[in-house]
Amino acid sequence: MIVIDFPYAAVVLMIVGALGGILQTRPIDKILMLAVLGDGLISMMSVYGYLDVAMASSFITFVGIIILMIGLIRTLEIKKAKGELH
Amino acid sequence: MYINSTVIRMLEETIIAIIVIYMVLRLFVTLDRLERMPYLNVINFSVAAIITIQNPSPLGAVTSMIYFIMATVAANAIAFTIDKIGEIEHDSD
Amino acid sequence: MEEIIAIFIAAVLSWVNFVLIDIWMGLPEAPGVKGAGAIGKSIEKRGGDLGGGFFSGNIVCSPDASAGTLLASCAYYAFGSPEGGLIAALFVYFGNRICADPGYAGTSGALTTTILIWLTSFIGIAPQNFIVGMVLAALTIQGLYHPVTSKLIGKMARKMNRKVIQDN
């Protein structure tokens, strides 16, 4: 029976996350692909035993995504109030 | 007994790796933004499972719990933002 | 191989556990947080059921019984005894309050899963089978085909007398 080790799936996660971040056009889609990339990194770190690095990285990555979202909404509202939206 | 437990872990790791690869390819191809969120949620479940399977110690379980709860809060923020952006662009027409 | 049979039985048991507790706690009735409402309406637009859509949205956006089941089985496997289930229930309770969700679905899911794993340990099903089983159960609800599974969840919710919004 075939055995797929998890680092191969983590590499696929990271490649798809990076390619998706390049190829998507709108910022909201890019940030979703950033979350996929972060998932791949955290799983790769924890498979090789670096658990405290994975814990700190998961805090910082996801708090960073939340702050990016708040900034994105604020930017679009200011653009709309000024009348420059599309 | 030790060899038996290593073989069993290889089977579970294979199942979770196949699930992850299928879900991430499906996420890459989908065009609808809100349809990607449940696929991202399955990826969160499988990464939380693989952290504990590879590190069967209390620190592994605590890392898995912290990762899963932070990833759920982030997915909530992403879904809320997709909705809010749809509202902002729809009102400006 | 008997390991595959054990994983299959654990998957069915954890599917029944988290779906019944979530429907009993009223997840298909209303979105708990705002992101869940967006996902529910998107599933309805693609041909699904609104109650099933709110169910999927609540699973994505807030820790509920599915999170409780997964984390309780992880902690049971790591600690080697039912104490792990209680620690997982504590963490899921904190996670619920961080998401501003006033429900108790996660903690009850974790506690019932701890009892379930302890009971099936006499038959020969180990906690790691429940971990993989829960990932398979989440895959069937969230990852296969949203219109069909949301209609199934909506039908089960109406049969259990929950006030799910009817879409005609």
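Everything that follows concerns the structure shown earlier in this document.
Peer 1: Residue-level account of the overall build of chain C, with values.
Peer 2: Helix and strand content of chain C: 8 helices and 0 strands. Overall, chain C shows an N-to-C arrangement of helices and strands of α-α-α-α-α-α-α-α. A compact globule built from 168 residues should have a C-alpha radius of gyration of about 15 Å, and chain C, at 16 Å, falls within 12% of that. Overall, chain C is about 50 × 35 × 25 Å in size when its C-alpha atoms are taken along their principal axes. Scored against the burial criterion, the 168 residues of chain C give a buried share of 60%. Of the contacts made within chain C by residues no fewer than 6 positions apart, 74% connect residues no fewer than 24 positions apart.

Peer 1: Account for the interface of chain C and chain B, with residues named and values stated.
Peer 2: The interface of chain C with chain B comprises 35 residues on the first partner and 38 residues on the second. When residues of the side of chain C that touches chain B are traced back to their parent elements, those giving at least two are helix 2 (34-45), helix 3 (50-61), helix 4 (65-79), helix 5 (83-98) and helix 7 (127-142) of chain C.

Peer 1: Please give an account of the interface of chain A and chain B that cites residues and values.
Peer 2: Listed as interface residues are 36 residues of chain A and, on the opposing side, 36 residues of chain B. Looking at the side of chain A that touches chain B, the elements with two or more residues in it are helix 1 (6-23), helix 2 (27-47) and helix 3 (51-82) of chain A. Considering every element that reaches the side of chain A that touches chain B, the biggest residue donor is helix 3 of chain A, with 14 residues. Taken together, the residues that form the side of chain A that touches chain B break down as 26 nonpolar, 5 polar and 5 charged.

Rules of the game
- Residues numbered from 1 in each chain as written.
- Chains lettered and ligands numbered in written order.
- Predicted model: local features only at pLDDT ≥ 70, side-chain atom pairs only at ≥ 80, totals over all residues.
- Helix = DSSP H or I, 4+ residues; strand = E, 2+ residues; numbered from the N terminus.
- Rg over C-alpha atoms; globule rule 2.2 N^0.38 Å.
- Buried ≥ 20, exposed ≤ 12 C-beta atoms within 10 Å, placed from the backbone.
- Contact = placed C-beta atoms within 7 Å.
- Nonpolar A, V, L, I, M, F, W, Y, C, P; charged D, E, K, R; others polar.

Geometric descriptors of this kind do not, in isolation, establish any biological role.
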